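Spelled out from the first residue to the last, the chains are:
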Amino acid sequence: MTAPASTQILDLAARFPDVVSTDARPGFSGFIVKKENLVEVATALRDEFGYDLLSTVTGVDYPAENKMEVVYHAFRTIGGPGIVFKTQADRVEPIEVPSLINVWHGADFQERETWDLMGIKFTGHPDLRRILMWEGFEGHPLRKDWKEAFFEEETKPFKSRWPEGNHLYAEFRNPYRDNLNFPSGFDPEQYQPQTEDQLYFSLERSSIKPKDADLKTDSIVVNMGPHHPSTHGVLRVAVELDGETVTSLKPVMGYLHRNHDKIGERNTYLQIMPYTDRLDYFNSMANNFGYAITVEKLMKIPVAERAEYIRVIMAELTRVQNHLIFIGMLLNDLGTLYTPALYAFEERELILDIFEAVAGARMMCNYFRFGGVVRDIPDDVMQKIKDLVHDRLPAKTDEMERFLNENEVLMARLKGMHVLNAEEAVRNSVTGPCLRAAGVPYDLRRADPYSVYDRFDFDVAVRYNGDMYDNYLIRFDEIRQSLRILEQAIKQIPQGPINSQKPQYQVRVPAGEAYGRVESPKGELGYYVVSNGKPNPYRYHVRAPSFINLTALETMCKGNKIADFVALLAMLDIVMGEVDR
Amino acid sequence: MEENKYEGLNLPNYNIPEDIQNVVSVTTLDRLYNWGRRWSVWPLMFGLACCAIEMIAAQAARYDMARFGMEVMRPTPRQADMMLVSGTVTKKMLPALIRLYNQMPEPKYVVAMGACASSGGPFKEGYNVVAGIDKFLPVDVYIPGCPPTPQALIAGLIKLQEKIDKQSIRKVRWYQKGKADPNYVPMPILGPDLIDVRRNAEYKEAAARKEGAA
Ligand code: SF4
C-alpha cells in the first residue's frame, strides 16, 4: 500500500503553538499556518526539519467560506512521507499570501501559476506575471465563480446530454457564437492589446552587465519558439544574449494550456482518466497510475493483486519507451539527424503494440481504473511482453549503447558540460533523472514506495557529475533497472481478478483531500485532489514534473552559449502537454 | 517499359511508341502541374500536441511517410506547402499559427489532424482552446481520431493528393487575378479574450446587447 502523503510524524503545531494549527476538517490532514508567519514556518521546515524539496504549491477556492487556501506539499530528499501545510486568506481583493520563493526557489513558476489561474497575489515574488494565459486576459479561470464561454452546467454529466440527449451546439448557446467571452460593453476597435514589456523587463533585471568592459556591447533578446524545431513543442523562450552567451532567460509557456484543471473539476472522477492520458502524451500509463492511486487513496480501497503487477509492468514499459525516445531526440538535437531517433521509434512501436493489445489505443491508453485496470493481459500478449523484456529490449539497449556511448563526438559534446548540481536541482524542485544525475538518489519507487514497488529488487540509478554525459547515461541505467523490475514482475504476477471493485461509471469518493505521486519517467508526477463527497472533484490539480523542472532552466543556461541551450533543454526531457496542461 | 500509370502523368488513349515511353508523355498542363505537386507536398515541421507524436511515428520506419513524398519536413514556413495542424490549437498559440500560415507561399494546404484541430476535441470546452482551426484557416482535409493512427494520417494525406489531382491551374484560388491575396488571414489579437478582427462588429454588437441585458 502507498504511504499517505502526509502523516503527523512531525508536530508542527507544538513547535509553533500560536501560529500553526492542525487541519481538523474531516478527511484533511496537515497544518494550517497563519499567513503572516508562513515564511518563518517554511524556513524552519526546510532548515530544522529537513524538508528540502518543495513538491507542489496550489490554491483552492472556497467561496462558501469566503476563503482562498494555498496548499504546499514538501518532502525530504532522503525519502519518507512528506508534510502538507496550508495557509488561508480572506476572499477579498487583493488576496495576498507571502511568497516562499526565497525559501524554496521551486515555488517560482507554481506561484505564478496560482496567481494566473486563481488570482492569489504572492507578495515578495519578484516576477509575478501570468504564466499560462496572456497578460490582459479577463479573470482568473480556476476560481469557482469564473465561468468559461462554453459553460453549460457546474458538473458533468450535463443534463442536456444524459439522460435526455438533446443538446445544442455550444456555439449556439454563446452570444458570440464561439468560445469567447468579452466583458459587457466591450469595444474591440478601441482595445489596446498589452505589450510584452513586462517579460522583457524581467529579463533586464536579472541580467549581468559587465561594468568595466572596454568594448561597449549591446545585449540582444532572442525569442525562440513557440514555433521552433528544438523546443519540443510549443515552448517559447526569451533569451538575452551577450554575444553568444546567455545572460538571462525566461521560458514563456501556455501555448498548449488546455485547461486540465478546469475541465477536470467539471468531470466526474472516472471521466478524468482519459484526460490524464493527454498530459504527458508519451507516458499515458504513468499518468493513469498517478491519478488512480490518488483517487484510491481518497476512496480508501485496495487494488487487486494482479492489477498491481499489471500496473507496474505497464509503467515500466512506458519508462523504457520514454527513455529510448529521449535518447533519440537528444541526439537529434545534437545534430545526429534522425538515425538514432529512428532506432528508438522502432522499439517504441513494439511497446505501443502491447499497449494497443491491452488497452485498445496506442498512445491514449486510458487503461487504469480505480481498484485495478480495465482489461486483463491476454496470454499471447504476455508472451510478447516476455519476449521483449527478456530478449529484444536488452539486446537493443546494448546495441544503442555500443553505437553511441563511446562515440568520440558525443563524448566531446556532452562530457563536462554542466547541467545541474545537487544543490541547484533540489532548490529548484527538479525531480526525475536530472536530479538523480546530479547525485541525489531520490526515486519515489524507493523513497516513498507506492503500489508494489517495495517487492522488487532494483537499484536507484544515480550518477554524480551532473554533466550532460551523466544525464544522458542515466537514461540507459534507468532502462536497465526498469527491465530488471519487469523481469521480476513478469515472474511474480499472480492470477486473479484485475479489479477489486465492480466496474462502475460513478464512484463514491468521500470528502477529503489526497496527494498521490508516482515516479513518472520525467520526474515526480503528483495529483492533488479535493473531494466534497459529490461525484465530481472539488479541486483537481496536477503537479507536472516537466513544468516544475523548467524552473531550473535559467540556472542551467546562464553563462552558457546559445548553442548549448538546445541541448540543455533536451536534457530536461519536457513534454508540452504536461508543462502547460 | 510499362505505362507510366502509377504517377498518372500520361493521359490514357495516347499510344506512344514503346521505345520512347520512358521519355515521352502526352498530357495536359494541369496534369503535369498536379503530378509535380502531389509527390512533393512538404509539410511544415510543426508539432502542437499529442497528435504530433503520431505524426513523428508516421515518419518513422514502420509507417514511413516518405513513400508518399511527404517526408521533407520544413522548419520554415517559406519552404512548406502544407500545414499539418497536429494538435490542440490554443488561443495563445493562434496568432503564431496564423503568422506561419500567412508566410507560407502558395499553393498551400491545411490538414487538420485529430479531433482537436478539427473541432476542439476533448478540450473544446476549455477557455483557452480554439474550437477547430477551420474558424480561421481554410482546411482541406480533416482526419478524425484522438490521435489518428499513423495509418489514418497517411490515408488523410492520400486524400489530399487526390484533391490536388483534381485541381486546375485556372481555377485554384491562389492564381485568381484582380483579388487581393485571398488567403491572407488577419492576425487575431489577444485581448480579454481572443479577438478575431474580422468579426469586430459582431462582437461589439453582442457585447452591447449583453450590457443592455445586465
Ligand atoms: S486530438 Fe487527441 S491526441 Fe490529438 S491533440 Fe487533441 S487530445 Fe491530443
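Note that the structure is a prediction, hence the values are computed from the model and not measured. (Residues numbered from 1 in each chain as written. Chains lettered and ligands numbered in written order. Predicted model: local features only at pLDDT ≥ 70, side-chain atom pairs only at ≥ 80, totals over all residues. Heavy atoms only, no water.)

## Observations regarding the sheet that holds strand S5 (residues 83-90) of chain A
Residue and element names in this part refer to chain A.
No. 1: With mixed pairing, five strands are arranged side by side in an open sheet as S1-S2-S5-S4-S3. In this open sheet, the two edge strands, each paired with only one partner strand, are strand S1 (20-22) and strand S3 (53-62). Averaged over all adjacent pairs, the angle separating strand axes in this sheet is 25°, with direction ignored.
No. 2: Of the strand pairs in this sheet, S1 and strand S2 (residues 31-33) are connected by three bridges, and their pairing is antiparallel. Across the sheet, residue Ser21 finds its bridge partner in S2, namely Ile32.
No. 3: The strands touched by helix H2 (residues 38-47) within the sheet are S1, S2, strand S4 (67-75) and S5, with S5 carrying the most contacts at an inclination of about 175°.
No. 4: Contacts from helix H3 (residues 107-118) reach S3 and S4 within the one sheet, and its direction differs from that of S3 by about 10°. (Pairing = 2+ DSSP bridges. Helix = DSSP H or I, 4+ residues; strand = E, 2+ residues; numbered from the N terminus. Axes fitted to C-alpha atoms, helices over the stretch in contact; angles between N-to-C directions. Contact = heavy atoms within 4.5 Å.)

## Focus: the interface of chain A and chain B
No. 1: Counting from both sides, the interface comprises 64 residues of chain A and, opposite them, 54 residues of chain B.
No. 2: Both faces considered, chain A and chain B share a buried interface measuring about 5,500 Å² in area, 63% of it formed by carbon and sulfur atoms.
No. 3: When residues of chain A are sorted by the area they lose upon contact with chain B, A:Trp134, A:His227 and A:Arg258 head the list and together hold 13% of the total.
No. 4: Remark: the boundary between chain A and chain B carries nine salt bridges. (Buried area = accessible area lost by both parts, 1.4 Å probe. Salt bridge = Lys/Arg side-chain N within 4 Å of Asp/Glu carboxyl O.)

## Details of the pairing of strand S15 (residues 537-543) of chain A
All names here are of chain A.
No. 1: By the criterion of burial, S15 is predominantly enclosed, with seven of the seven residues buried.
No. 2: The pairing of strand S14 (residues 523-531) with S15 spans six bridges and is classified as antiparallel. Of the residues in S15, the one forming a bridge with Gly526 is Arg543.
No. 3: The antiparallel hairpin formed by S14 and S15 contains five residues in its connecting segment, where Gly533 sits at a positive phi of about 85°. (Buried < 20%, exposed > 50% of the residue type's maximum accessible area, 1.4 Å probe, protein only.)

## Comments concerning the confidence of the model for chain B
As a general rule, the predicted coordinates of low-pLDDT regions are not to be interpreted in detail.
Residue and element names in this part refer to chain B.
No. 1: When the pLDDT values of chain B are averaged, the result is 83; 92% of them are 70 or greater.
No. 2: Least confident of the elements in chain B is helix H6 (residues 200-213), whose mean pLDDT is 76; most confident is strand S3 (residues 141-143), at 93.
No. 3: Within the model, the stretch residues 1-6 combines pLDDT values under 50 with nine contacts to residues more than four positions away or in other chains.
No. 4: The complex prediction reports pTM at 0.89, with the ipTM value standing at 0.86. (pLDDT = per-residue confidence, 0-100.)

## A short note on unusual backbone geometry
With the exception of glycine, most residues fall at negative phi, and the peptide bonds are largely trans.
All names here are of chain B.
No. 1: The peptide bond linking Glu106 to Pro107 adopts the cis configuration, its omega dihedral lying at -5°.
No. 2: Position of Pro107 among the secondary structure elements: in the loop between helix H3 (94-103) and strand S2 (109-113).
No. 3: Omega for the peptide link from Cys146 to Pro147 comes to -10°, which places this bond in the cis form.
No. 4: Inspection of the secondary structure puts Pro147 in the loop between S3 and helix H5 (150-165).

## Looking at the site of the ligand
No. 1: Residues in contact with the ligand amount to 16 residues; listed here are only the nearest, B:Cys50, B:Cys51, B:Ala115, B:Cys116 and B:Cys146.
No. 2: The residues that come close to the ligand belong to more than one chain, namely chains A and B.
No. 3: Listed by contribution, the elements that provide at least two residues to the shell around the ligand are helix H2 (50-59) and helix H4 (114-119) of chain B.
No. 4: Sorting elements by how many residues they give to the shell around the ligand places H4(B) first, with three residues.
No. 5: Per-class residue counts for the shell around the ligand are ten nonpolar, four polar and two charged. (Near = heavy atom within 4 Å. Nonpolar A, V, L, I, M, F, W, Y, C, P; charged D, E, K, R; others polar.)

## Structural notes on helix H7 (residues 269-277) of chain A
Residues and elements named next belong to chain A.
No. 1: With seven of nine residues buried, H7 lies mostly within the body of the structure.
No. 2: When H7 is considered as a whole, its buried residues turn out to be Tyr269, Leu270, Ile272, Met273, Tyr275, Thr276 and Asp277.
No. 3: Buried residues in H7 make contact with helix H6 (260-266), helix H8 (284-299), strand S11 (368-369), S14 and S15.

## Observations concerning the domain arrangement of chain B
No. 1: Taken domain by domain, chain B holds domain 1 (3-38) and domain 2 (50-152).
No. 2: For domain 1 of chain B versus domain 2 of chain B, the separation of C-alpha centres amounts to 32 Å. (Domains from an automatic or database assignment.)

## With respect to the packing of aromatic side chains
Aromatic ring pairs are reported here in terms of the distance separating the ring centres and the angle at which the planes meet.
No. 1: Tallying each qualifying case throughout the model produces 28 aromatic pairs over all chains.
No. 2: Between A:Tyr72 and A:Phe85, the aromatic rings sit 5.0 Å apart at their centres with planes inclined by 10°, giving stacked as the arrangement. Taken as a pair, A:Tyr72 in strand S4 and A:Phe85 in strand S5 lie far apart in primary sequence, 13 residues in all. Residues A:Tyr72 and A:Phe85 agree in their burial class; the two are buried.
No. 3: Judged by centre distance (6.3 Å) and plane angle (35°), the ring pair of A:Phe137 and B:Tyr127 falls under tilted. Of this pair, A:Phe137 sits in the loop between strand S7 (121-123) and helix H4 (170-173) while B:Tyr127 is found in the loop between H4 and S3, placing the two residues in two different chains.
No. 4: Of the residues examined, A:Phe137 reaches a relative accessible area of 6% and is grouped as buried.
No. 5: Judged by relative accessible area, B:Tyr127 falls into the buried class, the value being 2%.
No. 6: Joined through ring pairs, the aromatic side chains of A:Phe289, A:Tyr309, A:Tyr367, A:Phe368, A:Tyr450, A:Tyr453 and A:Phe456 make up one cluster.
No. 7: Just above the ring of A:Phe75 sits the side chain of A:Arg517; from NZ or CZ to the centre is 3.4 Å.
No. 8: It is B:Arg38 that lies over the ring of B:Trp39; its NZ or CZ is 4.7 Å from the centre. (Phe/Tyr/Trp six-rings, centres within 6.5 Å; stacked < 30°, edge-to-face > 60°. Lys NZ or Arg CZ within 6 Å of the ring centre and 35° of its normal.)

## What about the layout of surface pockets?
No. 1: Estimated volume of the largest pocket: approximately 1,100 Å³.
No. 2: What lines the largest pocket is a set of 44 residues, and nearest its centre among them are A:Pro229, A:Met329, A:Asn332, B:Met45 and B:Ile56.
No. 3: Taken together, the elements giving at least two residues each to the lining of the largest pocket come down to helix H9 (305-334), helix H10 (339-359) and helix H19 (562-572) of chain A together with H2 of chain B.
No. 4: If you tally residues by element for the lining of the largest pocket, the top one is H9(A), at six residues.
No. 5: Looking at side-chain class alone, the lining of the largest pocket contains 29 nonpolar, ten polar and five charged residues.
No. 6: By volume, the second largest pocket amounts to about 810 Å³.
No. 7: In terms of lining residues, the second largest pocket is bounded by 32 residues, among which A:Glu196, A:Arg236, A:Tyr255, B:Lys92 and B:Leu190 are the most central.
No. 8: Among the secondary structure elements, those contributing two or more residues to the lining of the second largest pocket are helix H5 (197-206) and strand S10 (245-252) of chain A together with H3 and strand S4 (189-190) of chain B.
No. 9: The element best represented in the lining of the second largest pocket is H3(B), accounting for five residues.
No. 10: When the residues that make up the lining of the second largest pocket are grouped by side-chain class, the tally is 17 nonpolar, seven polar and eight charged. (1 Å grid on protein atoms, 1.4 Å probe; cavity = no way out; pocket = protein on both sides within 12 Å on 5 of 7 lines; lining within 4 Å. Points joined across faces, edges and corners; volume = space filled by probe spheres on them.)

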